[in-house]
Amino acid sequence: MRLVLGMCILVLNDVIEGFRMIDELKKMILESKKIVVLTGAGFSSDSGIPTYRGTGGLWSKYDPSIYADYNNFLRDSTYYWNFFKDERYPMMIKAKPNTGHFALVKLHKQGNLYKLITQNIDGLHQVAGIPDVIELHGTTRSFRCMSCDNRFSMGEVYKKIKHEFPPKCPCNGNLRPDTIMFGEPLPQPALEEAMFAARHCNLFLVLGSSLVVNPAAQLPIIAKENNAKLAIVNIDPTPLDKLADLVLNKKITGVLKQLIL
Ligand code: ZN
């Protein structure tokens, strides 16, 4: 009985501490007129997009050195196109923005969101209604010809694949996704814009990123070096938690619902 009571008190303390932290984060957001938000895979998991790493992650099923490597794509792109046809496209047409995406739209409309940076390639922030997003790893919603740079939508490429595999441009050039694959540099303009935003914000808010992939993981450090506050909301601890002014190890959608909606 005493043990059960002790456990109840611990759980209750945890809940009260959670509310206190959310209140504190709310205050930080209200006081900051220039907020930079960085979203990662944890942000889209409630939209039915699996994370990459860890148990049940996409890469436990599809080896990234085969399916997401640029040199391998150049050698034999059929792996990628099969993955796109069987896994990526069906997942993407089902995926819808979640409560977290709409909470950020509200922040954007309030005028407090200075820049939104994402490591996600799903384009769901734009679908939710934020047009200007810095996509560090590109987007899976568009494709381009490697010879003439002609652009194609995800739906157009999916239709093409049914009668032309691998799909080609009318100029006979090979197509590629607008995502950044392993072995490729990040898009320099996006990276520079993200670094500029990190230097000029007064709150850097990490939402659902495990902060293990560079250079995204450098951005919160740049923000702190330029006197911004740093808050991290992620289900698991991150390597930058020690640097943060506030850390909440919780699911994003629940936190954002209480914070902004
Ligand atoms: Zn072409």
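Structure first, text after, so check above.
Note that the structure is a prediction, hence the values are computed from the model and not measured.

Novice: Help me get a handle on the coordination of the zinc ion, residues and values and all.
Specialist: Listed as protein donors to the zinc ion are Cys145 (SG), Cys148 (SG), Cys169 (SG) and Cys171 (SG); their distances from the metal cover 2.2 to 2.4 Å. Classification of the site at the zinc ion as tetrahedral follows from its four donor atoms and the range of 103 to 118 degrees in their angles at the metal. In primary-sequence terms, the residues that donate to the zinc ion follow C-x2-C-x20-C-x1-C. Of this pair, Cys148 sits in the loop between strand S4 (138-145) and strand S5 (151-153) while Cys171 sits in the loop between helix H9 (154-161) and strand S6 (175-179), and the two are 23 residues apart along the sequence. Owing to a relative accessible area of 42%, Cys148 belongs among the partly exposed residues under this scheme. Residue Cys171 is classed as partly exposed on the basis of its relative accessible area, which comes to 41%.

Novice: Break down the packing of aromatic side chains for me, citing the residues and quoting the values.
Specialist: Taken as a whole and assessed by the stated rule, the structure comprises eleven aromatic pairs. Ring centres 5.1 Å apart and planes at 80 degrees place the aromatic pair Tyr80 and Trp81 in the edge-to-face group. Owing to a relative accessible area of 6%, Tyr80 belongs among the buried residues under this scheme. Pairwise contacts between aromatic rings join Phe73, Tyr80, Trp81, Phe83, Phe84, Tyr89, Phe143 and Tyr158 into one cluster.

Novice: Which residues make up unusual backbone geometry, and what values go with them?
Specialist: A cis geometry characterises the amide bond from Phe165 onward to Pro166, with omega recorded as -10 degrees. Mapped onto the secondary structure, Pro166 falls in the loop between H9 and S6. Along the chain, Asn214 connects to Pro215 via a cis peptide bond; the corresponding omega equals 0 degrees. Phi is positive for Asp149, which is not a glycine, with a value near 70 degrees.

Novice: Can you lay out the side chain of Ser47 for me, pointing to particular residues and giving the numbers?
Specialist: Checked against the element boundaries, Ser47 lands in the loop between helix H2 (41-44) and helix H3 (58-61). Not counting chain neighbours up to four residues away, the residues in contact with Ser47 comprise Ala95, Lys96, Pro97, Asn98, His101 and Leu124.

Novice: Help me get a handle on the nonpolar core, residues and values and all.
Specialist: If you look at the biggest cluster of nonpolar residues, it comprises 29 residues, and the most contacted ones within it are Leu25 and Leu207. Where this core is concerned, the elements lending two or more residues are helix H1 (2-31), strand S1 (35-39), helix H7 (99-109), strand S2 (113-118), strand S7 (203-207), strand S8 (229-233), strand S9 (246-248) and helix H12 (252-259). One finds Ile134, Cys201, Leu211 and Leu240 within the second-largest nonpolar core, a separate group that totals 25 residues.

The rules behind these values
Residues numbered from 1 in each chain as written. Predicted model: local features only at pLDDT ≥ 70, side-chain atom pairs only at ≥ 80, totals over all residues. Heavy atoms only, no water. Donors = N, O, S within 2.8 Å, 3.2 Å for Na, K, Ca; no water. Tetrahedral: all angles 85-135°; square planar, octahedral: opposite > 155°, others 65-115°. Helix = DSSP H or I, 4+ residues; strand = E, 2+ residues; numbered from the N terminus. Buried < 20%, exposed > 50% of the residue type's maximum accessible area, 1.4 Å probe, protein only. Phe/Tyr/Trp six-rings, centres within 6.5 Å; stacked < 30°, edge-to-face > 60°. Contact = heavy atoms within 4.5 Å. Core = buried A, V, L, I, M, F, W, Y, C linked by side-chain atoms within 4.5 Å.

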